[in-house]
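The residues making up each chain are set out below.
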Amino acid sequence: MVPENPIETEPLLTPEEIKDAVFKRLEKYAGLSLLERFAMFMGVAQMLELSLKNLLHRRYQFELETMERWTLGRVSTVMREQGVREDFVVLLNSVVGHRNYIAHSLLANEMLLQSLLGGQATRLETRSLDLGIYEAEQLWFLYEWTDEHQAWDLVRPGGDSHA
(Lines give C-alpha, C1' and ligand atoms only; values in the text may rest on other atoms or scores of the structure.)
Protein backbone atom coordinates (compact mmCIF):
# COMPACT_ATOMS: atom_id res chain seq x y z
CA MET A 1 0.00 0.00 0.00
CA VAL A 2 1.36 3.42 -1.00
CA PRO A 3 1.34 6.01 1.80
CA GLU A 4 -0.84 9.05 1.23
CA ASN A 5 0.82 12.11 -0.25
CA PRO A 6 0.49 14.93 2.32
CA ILE A 7 0.13 17.45 -0.52
CA GLU A 8 -3.01 15.67 -1.75
CA THR A 9 -4.59 15.58 1.72
CA GLU A 10 -3.89 19.16 2.74
CA PRO A 11 -6.83 21.54 2.51
CA LEU A 12 -6.38 23.93 -0.39
CA LEU A 13 -7.34 27.56 -0.85
CA THR A 14 -7.14 29.10 -4.30
CA PRO A 15 -6.04 32.68 -5.03
CA GLU A 16 -9.55 33.33 -6.42
CA GLU A 17 -11.15 32.16 -3.14
CA ILE A 18 -8.84 34.46 -1.17
CA LYS A 19 -9.55 37.45 -3.43
CA ASP A 20 -13.33 36.89 -3.28
CA ALA A 21 -13.29 36.55 0.50
CA VAL A 22 -11.15 39.66 0.98
CA PHE A 23 -13.30 41.79 -1.34
CA LYS A 24 -16.38 40.68 0.60
CA ARG A 25 -14.67 41.68 3.85
CA LEU A 26 -13.80 45.10 2.39
CA GLU A 27 -17.47 45.96 1.83
CA LYS A 28 -17.78 47.18 5.42
CA TYR A 29 -15.32 50.01 4.64
CA ALA A 30 -17.40 51.44 1.77
CA GLY A 31 -18.48 55.01 2.43
CA LEU A 32 -16.39 55.43 5.58
CA SER A 33 -14.28 58.52 6.15
CA LEU A 34 -10.50 58.43 6.53
CA LEU A 35 -10.80 58.55 10.31
CA GLU A 36 -13.41 55.78 10.37
CA ARG A 37 -11.27 53.55 8.12
CA PHE A 38 -8.27 54.33 10.34
CA ALA A 39 -10.24 53.19 13.40
CA MET A 40 -11.46 50.03 11.66
CA PHE A 41 -7.91 49.14 10.55
CA MET A 42 -6.54 49.64 14.05
CA GLY A 43 -9.32 47.45 15.46
CA VAL A 44 -8.54 44.65 12.99
CA ALA A 45 -4.82 44.91 13.80
CA GLN A 46 -5.63 44.64 17.52
CA MET A 47 -7.89 41.61 16.98
CA LEU A 48 -5.15 39.96 14.92
CA GLU A 49 -2.60 40.60 17.65
CA LEU A 50 -4.82 39.06 20.33
CA SER A 51 -5.75 36.08 18.14
CA LEU A 52 -2.12 35.38 17.24
CA LYS A 53 -1.11 35.55 20.91
CA ASN A 54 -3.86 33.04 21.63
CA LEU A 55 -2.48 30.82 18.84
CA LEU A 56 1.00 30.99 20.39
CA HIS A 57 -0.53 30.02 23.72
CA ARG A 58 -2.56 27.10 22.30
CA ARG A 59 0.06 25.71 19.91
CA TYR A 60 3.37 26.56 21.54
CA GLN A 61 2.43 26.88 25.23
CA PHE A 62 3.50 30.53 25.63
CA GLU A 63 2.04 32.01 28.78
CA LEU A 64 -0.55 34.72 28.11
CA GLU A 65 0.92 36.86 30.89
CA THR A 66 4.33 36.70 29.22
CA MET A 67 2.87 37.96 25.94
CA GLU A 68 0.65 40.66 27.43
CA ARG A 69 2.94 43.56 26.49
CA TRP A 70 4.19 42.11 23.22
CA THR A 71 3.64 44.18 20.11
CA LEU A 72 2.37 42.76 16.84
CA GLY A 73 5.96 42.94 15.58
CA ARG A 74 7.20 40.84 18.50
CA VAL A 75 4.41 38.33 17.90
CA SER A 76 5.49 38.08 14.26
CA THR A 77 9.13 37.45 15.24
CA VAL A 78 8.16 34.71 17.69
CA MET A 79 5.85 33.09 15.14
CA ARG A 80 8.73 32.94 12.65
CA GLU A 81 11.03 31.50 15.35
CA GLN A 82 8.41 28.84 16.18
CA GLY A 83 8.23 27.71 12.55
CA VAL A 84 4.81 29.04 11.64
CA ARG A 85 4.34 28.80 7.88
CA GLU A 86 6.50 31.28 6.04
CA ASP A 87 3.83 32.62 3.69
CA PHE A 88 1.69 33.67 6.66
CA VAL A 89 4.61 35.31 8.51
CA VAL A 90 5.66 37.25 5.39
CA LEU A 91 2.16 38.75 5.07
CA LEU A 92 2.06 39.37 8.82
CA ASN A 93 5.35 41.31 8.61
CA SER A 94 3.87 43.47 5.86
CA VAL A 95 0.79 44.17 8.01
CA VAL A 96 3.09 45.05 10.94
CA GLY A 97 4.79 47.65 8.73
CA HIS A 98 1.44 49.10 7.67
CA ARG A 99 0.20 49.09 11.24
CA ASN A 100 3.27 50.95 12.49
CA TYR A 101 3.04 53.59 9.77
CA ILE A 102 -0.73 54.01 10.10
CA ALA A 103 -0.62 54.16 13.91
CA HIS A 104 2.29 56.58 14.17
CA SER A 105 2.39 58.69 11.01
CA LEU A 106 -0.68 58.53 8.79
CA LEU A 107 -2.94 61.07 10.49
CA ALA A 108 -0.13 63.56 11.13
CA ASN A 109 1.04 63.29 7.52
CA GLU A 110 -2.50 63.71 6.22
CA MET A 111 -3.00 66.85 8.32
CA LEU A 112 0.32 68.26 7.13
CA LEU A 113 -0.50 67.58 3.49
CA GLN A 114 -3.94 69.14 3.86
CA SER A 115 -2.46 72.25 5.46
CA LEU A 116 0.05 72.57 2.63
CA LEU A 117 -2.64 72.05 0.00
CA GLY A 118 -5.14 74.45 1.56
CA GLY A 119 -7.44 71.86 3.13
CA GLN A 120 -7.84 69.68 0.05
CA ALA A 121 -8.15 65.98 0.69
CA THR A 122 -5.15 63.95 -0.43
CA ARG A 123 -4.96 60.49 -1.93
CA LEU A 124 -1.38 59.85 -0.79
CA GLU A 125 -2.21 58.82 2.74
CA THR A 126 -5.51 57.15 1.88
CA ARG A 127 -3.70 54.83 -0.54
CA SER A 128 -1.38 53.74 2.28
CA LEU A 129 -4.35 53.14 4.52
CA ASP A 130 -6.28 51.25 1.83
CA LEU A 131 -3.33 48.94 1.16
CA GLY A 132 -2.94 48.32 4.90
CA ILE A 133 -6.66 47.56 5.18
CA TYR A 134 -6.53 45.15 2.25
CA GLU A 135 -3.56 43.24 3.66
CA ALA A 136 -4.96 43.19 7.21
CA GLU A 137 -8.29 41.81 6.00
CA GLN A 138 -6.45 39.26 3.84
CA LEU A 139 -4.35 38.21 6.83
CA TRP A 140 -7.42 37.99 9.08
CA PHE A 141 -9.17 35.77 6.53
CA LEU A 142 -6.08 33.58 6.14
CA TYR A 143 -5.70 33.34 9.92
CA GLU A 144 -9.30 32.14 10.28
CA TRP A 145 -9.00 29.66 7.40
CA THR A 146 -5.62 28.31 8.51
CA ASP A 147 -6.76 27.93 12.11
CA GLU A 148 -10.02 26.22 11.08
CA HIS A 149 -8.13 23.74 8.87
CA GLN A 150 -5.15 23.39 11.23
CA ALA A 151 -2.87 24.21 8.31
CA TRP A 152 -0.16 26.07 10.24
CA ASP A 153 2.57 23.76 8.97
CA LEU A 154 3.12 24.15 5.25
CA VAL A 155 4.18 20.95 3.54
CA ARG A 156 5.98 21.48 0.24
CA PRO A 157 6.52 19.02 -2.59
CA GLY A 158 9.04 16.43 -1.48
CA GLY A 159 7.41 16.18 1.95
CA ASP A 160 9.49 18.88 3.60
CA SER A 161 7.67 20.84 6.27
CA HIS A 162 8.79 24.47 6.23
CA ALA A 163 8.08 27.59 8.16
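Residues numbered from 1 in each chain as written. Predicted model: local features only at pLDDT ≥ 70, side-chain atom pairs only at ≥ 80, totals over all residues. Heavy atoms only, no water.

Draft legend 1. Just the overall build of the protein chain, in detail. Counting its secondary structure elements, the protein chain contains 7 helices and 2 strands. Helices and strands appear in the protein chain in the N-to-C order α-α-α-α-α-α-α-β-β. Out of the 163 residues in the protein chain, the part that is buried amounts to 37%. If you take every contact in the protein chain between residues at least 6 apart in sequence, the share linking residues at least 24 apart comes to 65%. When the accessible surface of the protein chain is split by element, carbon and sulfur atoms take 56% of a total near 9700 Å². (Helix = DSSP H or I, 4+ residues; strand = E, 2+ residues; numbered from the N terminus. Buried < 20%, exposed > 50% of the residue type's maximum accessible area, 1.4 Å probe, protein only. Contact = heavy atoms within 4.5 Å. Areas by Shrake-Rupley, 256 points an atom, 1.4 Å probe, with all protein chains shown as cover.)

Draft legend 2. Spatial organisation of the pattern of salt bridges. Throughout the structure, instances matching the rule amount to 9 salt bridges. Of the charged contacts, one joins R25 and E137 as a salt bridge, the two residues approaching to 2.9 Å between their closest N and O atoms. Residue R25 is located in helix α2 (residues 15-26), and its partner E137 is located in helix α7 (residues 124-148); the two are separated by 112 residues in the primary sequence. Residues R25 and E137 agree in their burial class; the two are buried. (Salt bridge = Lys/Arg side-chain N within 4 Å of Asp/Glu carboxyl O.)

Draft legend 3. Structural context of the nonpolar core. One finds L52, L56, M79, F88, L129 and Y143 to be the most contacted residues of the largest nonpolar core, which totals 38 residues. At the level of secondary structure, the elements contributing two or more residues to this core comprise α2, α3 (34-60), α5 (72-81), α6 (86-116) and α7. Considering each element in turn, this core owes the most residues, 9 residues, to α3. (Core = buried A, V, L, I, M, F, W, Y, C linked by side-chain atoms within 4.5 Å.)

Draft legend 4. Molecular detail of the environment of E137. On the basis of relative accessibility, which here comes to 1%, the residue E137 falls in the buried class. Spatially, the C-alpha atom of E137 lies 6.2 Å from that of V22, the residues being 115 residues apart in sequence. Apart from the residues within four sequence positions on either side, E137 is in contact with V22, R25, L26, K28, Y29 and V44. Polar side-chain contacts of E137 include one of 2.6 Å to the side chain of Y29. (Polar contact = N/O pair within 3.5 Å; in protein donor to acceptor, adjacent residues only side chain to side chain.)

Draft legend 5. Region of interest: a nonpolar patch on the surface. A contiguous nonpolar patch, built from L112, L116 and L117 and spanning about 310 Å² of accessible area, is present on the exposed surface. Structurally, the position occupied by L116 is in helix α6. (Patch = residues over 30% accessible without salt bridge, like charges linked within 9 Å, V, L, I, M, F, W, Y side chains within 5 Å.)

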